[in-house]
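Structural description and commentary
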Amino acid sequence: MARARSDSPLLFEIVEKPDFSFETKAMADGLWPVAGMDEAGRGPLAGPVVAAAVVLDPANIPEGLDDSKRLSHLQREALFLRILGSAQAVSMASISAEGIDGSNILKASLEAMRRALVGLSVRPKLALADGRDVPPGLPCDGRALIKGDQRSQSIAAASIVAKVMRDRMMCGCGSHHDRYGFEVHMGYATARHRTAIEAHGPVARLHRVSFAPFRLGGAEVAEEESLAGLD
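These figures come from a predicted structure and were not determined experimentally. (Residues numbered from 1 in each chain as written. Predicted model: local features only at pLDDT ≥ 70, side-chain atom pairs only at ≥ 80, totals over all residues. Heavy atoms only, no water.)

Quick notes on the side chain of His193
In plain terms, the rule: In this text, helices come from DSSP runs of H or I with a minimum length of four residues, and strands from runs of E with a minimum of two, each type numbered from the N-terminal end. The definition of a polar contact used here is a pair of N or O atoms within 3.5 Å, where within protein one atom must be able to donate a hydrogen and the other to accept one, and adjacent residues in sequence count solely through side-chain atom pairs. By definition in these notes, contact holds between two residues if any of their heavy atoms fall within 4.5 Å.
One can find His193 in helix α7 (residues 191-200). Reaching out from His193, the side chain makes a polar contact with the backbone oxygen of Tyr188 at a distance of 2.8 Å. What His193 contacts, discounting residues up to four positions off in sequence, is Leu45, Ala46, Tyr180, Phe182, His185, Gly187, Tyr188 and His207.

What about the sheet that holds strand β2 (residues 49-55)?
Heads up, the condition is: Pairing between strands is defined by DSSP: at least two bridges between them are needed. Working convention: axes come from line fits to C-alpha atoms, limited for helices to the stretch in contact. Angles between N-to-C directions cover 0 to 180 degrees.
With respect to topology, five strands assemble into an open sheet ordered β3-β2-β1-β4-β5, the strand pairing being mixed. What marks the edges here is a single partner per strand, and that holds for β3 (89-95) and β5 (141-145). Geometrically, the sheet is characterised by an average inter-axis angle of 20° between neighbouring strands, direction not taken into account. On top of the sheet, helix α4 (residues 105-118) reaches β1 (34-40), β2, β3 and β4 (126-130); it is set at about 150° to β3, its chief contact. Contacting β1, β2, β3, β4 and β5, helix α5 (residues 153-176) runs over the sheet at an angle of about 35° to β1.

Quick look at unusual backbone geometry
A negative phi holds for most residues other than glycine; trans holds for most peptide bonds. Applied cut-off: The buried label applies to any residue whose accessible area, calculated with a 1.4 Å probe on protein chains only, is under 20% of its type's maximum; exposed applies above 50%, and partly exposed to all values in between.
In this structure, Pro33 follows Trp32 across a cis peptide bond, with omega equal to 10°. When you line up the elements, Pro33 lands in the loop between α1 (21-28) and β1. The phi dihedral of Lys147 falls on the positive side, at around 55°, and the residue is not glycine. Residue position: Lys147 is located in the loop between β5 and α5. The phi torsion at Arg205 lies on the positive side, around 65°, for a residue other than glycine. Relative to the helices and strands, Arg205 resides in the loop between α7 and α8 (212-217). Residue Arg205 is classed as partly exposed on the basis of its relative accessible area, which comes to 40%.

Let's talk about the packing of helix α2 (residues 73-86) against α5
Helix-helix packing is described using two parameters, namely the angle between the two axes and the distance between the axes. Which entries qualify depends on this criterion: Whether a crossing is left-handed or right-handed is set by the direction in which the near helix is turned from the far one by less than a right angle, anticlockwise for left-handed and clockwise for right-handed. Charged residues are taken to be Asp, Glu, Lys and Arg, nonpolar residues to be Ala, Val, Leu, Ile, Met, Phe, Trp, Tyr, Cys and Pro, and polar residues to be all remaining types, Gly included.
Look at α2 against α5: their axes get within 9 Å of each other, and the N-to-C directions meet at 115°. α5 is crossed by α2, and the crossing has left-handed handedness. The residues of α5 that touch α2, namely those facing Arg76, Glu77, Leu79, Phe80 and Ile83, are Ala157, Ile160, Val161, Lys163, Val164, Met165, Asp167 and Arg168. Its residues assigned to classes, the contact of α2 with α5 shows eight nonpolar, no polar and five charged.

Remarks on the UniProt feature "binding site: a divalent metal cation" (unreviewed entry) in the protein chain
Put simply, the rule is: UniProt positions are given in the numbering used here, feature names are shortened, and annotations may be inferred rather than shown by experiment.
Within this numbering scheme, the UniProt entry marks Asp38, Glu39 and Asp130 as carrying the feature "binding site: a divalent metal cation" (unreviewed entry). Over a stretch of 93 residues, the named residues converge on one spot in the fold, their C-alpha atoms separated by at most 8.1 Å. Mapping Asp38 onto the fold places it in strand β1. Apart from residues lying up to four places away in sequence, Asp38 is in contact with Val50, Ala51, Ala52, Met113, Asp130, Asp149, Ile155, Ala158, Ser159 and Ala162. Examined against the element boundaries, Asp130 turns out to sit in strand β4. The buried category is assigned to Asp130, whose relative accessible area is 18%. Those residues in contact with Asp130, other than ones at most four positions away along the chain, are Met37, Asp38, Met113, Leu145, Lys147, Gly148, Asp149 and Ile155.

Encoded structure:
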């Protein structure tokens, strides 16, 4: 007889941490190297989507790897340096706002992951991608893992690299376009960001004008503002 499921809340939330089990299984099956892939920046109104691919060294995995969203800024920055210093290979790629507008954010995210993987200095035999989709056109076998950055340490490492690199890129945008506060919100649709867009308009080639707020609002693109500071 099946036991009735309790509706009582758990006393403690169980937080799963990523491990190396997917990679270990792949190694046993003769599939090594294994690369983890992830992206950062699917949701913002501005900036690129950035992807990373990482092949960890099984004998030297940094402690503390986790989904980048569950880490603080300082934790991500510290792990970023440890990943670069210990991994067998790391690669990054990005698709600009214009590239996103020319296709869609899902296609752009998958293409960024494919480019990151192709850019690795070693040729992986298996690629683990965060999410539901395997990027098309990979030069090796691919497997999609839902919540992969919370399950695979390789994907978690890629999520950290992608997030840190994108944040640094958006901080650079903030130094050129100081009225928008990109260095604070990283392009996400915060109240401050929306207010700046209403006051100054979107920045050409930086804001994703195919996204709903711009399509619905009909805001004009600030072409002159986008060129300021780029000389």
